[in-house]
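The residues making up each chain are set out below.
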Amino acid sequence: MARKRIVVTGMGLISPVGHSVAESWKAILEGRSGIGPITYFDPSPYPTRVAGEVKHFDPSRVLDPKTARRYDRFLHFLLVAAREALEQSGLLEYPELFEETGVLIGSGIGGIRNIEETVLLLHEKGLKYVSPFFVPGSIINMASGLLSIEYGFKGPNLSVVSACSTGNHTIGEGYHMLQRGDARVMIVGGTEASITPLGLAGFCAARALSTLNEPPEAASRPFDRSRDGFVMGEGAGVLVLEPLDQALARGARPLAEIVGYGMSADAYHITAPHPAGEGAYRSMKRALEHAGIPPAEVGYINAHATGTPVGDIIEVEAIVRLFGQNAPPTSSTKSAVGHLLGAAGAIEAIFTIQALRDQMLPPTINFREPEPNDPLDHVPVARPAVFEYALSNAFGFGGTNTTVVFRRYEG
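Note that this is a predicted model, so its numbers are computed, not measured.

Caption draft 1: Representation of the overall build of the chain. Helix and strand counts for the chain stand at 12 helices and 14 strands. For the chain, whose C-alpha radius of gyration is 20 Å, the value lies close to the compact-globule estimate of 22 Å for 411 residues. Reported as C-alpha extents along the three principal axes, the dimensions of the chain are approximately 60 × 55 × 40 Å. By the burial criterion, 62% of the 411 residues in the chain qualify as buried. Taking all contacts inside the chain whose residues are at least 6 apart in sequence as the whole, residues at least 24 apart take part in 79%.

If you want it as structure tokens, here you go:
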């Protein structure tokens, strides 16, 4: 049976550099950083005192203040990003599709702020001060649940939780659900809001975060020889997926086509990647095999590269192994927004699609000096390019790896 052509018809984004796709993409191309001093709490006791916070965010665009207080910030981000994606897709004008519209939204950590605050409240004031909305306001699958309730989407409803691979997994699994006929539309993506005292403490204890606090905007430096860890970011990315023929029939404008999806496991360590890059290599290889294209057809890779000393160079080695010394330009937009954990794959997929649409390579800001054994072009400054296919990588704790292949849509 021939595979359906699956396209993206809507995208929405909340990020440290913007409250929409257009605003965020403009900042990315201009090389602006969303990293700054942490303002949510006093970070002075921590070795890391910077993060990619979403500034001036107002959830009242989709939630009244009373309802907003019931839910963690990761759900606020999700609902606002979803509104943008749905409006761009035009799906809300076709209620006859809602019964077969599925929602697959994930998060790496979920409502950690709500959990922290409730634990303190229970300890300090007692049981009667715990909100009845504590559990539904914190659990990860409520991202998909709230979105379906808000709009009446009655198709498949579930969440993916696979650490920093989450966003890519939602895209790939949503793609497969459409191929199988489980739904006619899939709304997919990731959301995260983990810049909290406990979230920061956990990653600091694991020595995963950068301690390059000054200047803050230079702390996230993937691929650079001086990198020393990742910078936490927050936000949400949402994509609307559907078959091409349906999209065209209802007058939607396809933004890009999904043509490949690969997964693998390192089966090696709870946090460290396989030292030979086996998992990353197999994930990319399987994605290209699924897409039915040779490595030479790929014109850009949005790397997972978080800025950790070990992870970045292992990903480079996996790319060189698969693509050879003439590998495509490979940049990391985490340099501007930080690492959004469970939302990273979704927002980086959006940046990858924007790169295809505009034929512009997004930069790796703060990249000054490569490793001696790194032959890749990491695009220090945004520049135009002509390319048809692009990869977006996402790898996570537990050794989970995902790659999605996008094709430029020219209808």
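Don't stop here, the text continues.
Caption draft 2: Broad picture of helix α6 (residues 166-180). Here α6 spans 21 Å end to end across 15 residues, near enough to the 21 Å set by a 1.5 Å rise per residue. Extensive coverage of α6 is indicated by the burial of 12 of its 15 residues. Taken together, the buried positions of α6 are Thr166, Gly167, Asn168, His169, Thr170, Ile171, Gly172, Gly174, Tyr175, Met177, Leu178 and Gln179.

Caption draft 3: Looking closely at unusual backbone geometry. Here the residue pair Glu214 and Pro215 is connected by a cis peptide bond, since its omega of -10 degrees sits within 30 degrees of zero. A positive phi angle, near 55 degrees, is found at Ala163, a position not held by glycine. For Ala163, the location among the structural elements is in the loop between β5 (157-158) and α6. Positive phi, close to 55 degrees, is recorded for Arg207, a residue that is not glycine. Of note, Arg207 is situated in the loop between α7 (197-205) and β7 (235-243).

Caption draft 4: Fine view of the pattern of salt bridges. Per the stated rule, a full pass over the model turns up 17 salt bridges. Between Glu53 and Lys55 there is a salt bridge whose closest N-O contact spans 2.9 Å. The salt bridge partner of Arg383 is Asp377, with a shortest N-O separation of 2.3 Å. The exposure class of Arg383 is partly exposed, given its relative accessible area of 29%. When salt bridges that share partners are traced, they join Lys26, Glu30 and Arg32 into one network.

Caption draft 5: Geometry of the packing of aromatic side chains. Inspection of every chain in the model, using the stated rule, returns eight aromatic pairs. Taking 5.8 Å as the distance between ring centres and 65 degrees as the angle between the ring planes, the aromatic pair formed by Phe41 and Tyr46 counts as edge-to-face. A relative accessible area of 15% means that Phe41 is categorised as buried. With a relative accessible area of 16%, Tyr46 lands in the buried category. Through pairs of rings, three or more aromatic residues link up here, namely Phe98, Tyr151 and Phe153. Stacked on the ring of Tyr40, the Lys or Arg Arg113 has its end atom at 4.9 Å from the ring centre.

Caption draft 6: A look at the environment of Ile365. Position of Ile365 relative to the elements: it lies in the loop between β11 (360-361) and β12 (383-384). The buried category is assigned to Ile365, whose relative accessible area is 8%. Taking the C-alpha atoms as reference, Ile365 lies 9.0 Å from Ile28; in sequence the two are 337 residues apart. Ignoring sequence-local partners within four residues, the contact set of Ile365 consists of Gly31, Arg32, Ser33, Ser220, Ser335 and Ala336.

Caption draft 7: Inspection of the state of the cysteines at higher detail. The tally for this structure, following the rule as stated, stands at zero disulfides. For the unlinked cysteine Cys164, the closest cysteine sulfur is that of Cys204, found at 15 Å. Judged by relative accessible area, which is 11%, Cys164 ranks as buried.

Caption draft 8: Structural view of the sheet that holds strand β9 (residues 298-302). The strand order across the open sheet built from 10 strands is β5-β4-β6-β7-β1-β8-β14-β13-β9-β10, with neighbouring strands paired in mixed fashion. Edge positions in the sheet fall to β5 and β10 (330-331), since each has one partner strand and no second. Here two bridges tie strand β4 (residues 101-106) to β5, and the two strands are oriented parallel to one another. Its bridge partner being in β5, Leu104 is matched across the sheet by Leu158.

What counts and what doesn't
Residues numbered from 1 in each chain as written. Predicted model: local features only at pLDDT ≥ 70, side-chain atom pairs only at ≥ 80, totals over all residues. Heavy atoms only, no water. Helix = DSSP H or I, 4+ residues; strand = E, 2+ residues; numbered from the N terminus. Rg over C-alpha atoms; globule rule 2.2 N^0.38 Å. Buried < 20%, exposed > 50% of the residue type's maximum accessible area, 1.4 Å probe, protein only. Contact = heavy atoms within 4.5 Å. Expected span 1.5 Å × (residues − 1). Salt bridge = Lys/Arg side-chain N within 4 Å of Asp/Glu carboxyl O. Phe/Tyr/Trp six-rings, centres within 6.5 Å; stacked < 30°, edge-to-face > 60°. Lys NZ or Arg CZ within 6 Å of the ring centre and 35° of its normal. Disulfide = S-S within 2.5 Å. Pairing = 2+ DSSP bridges.

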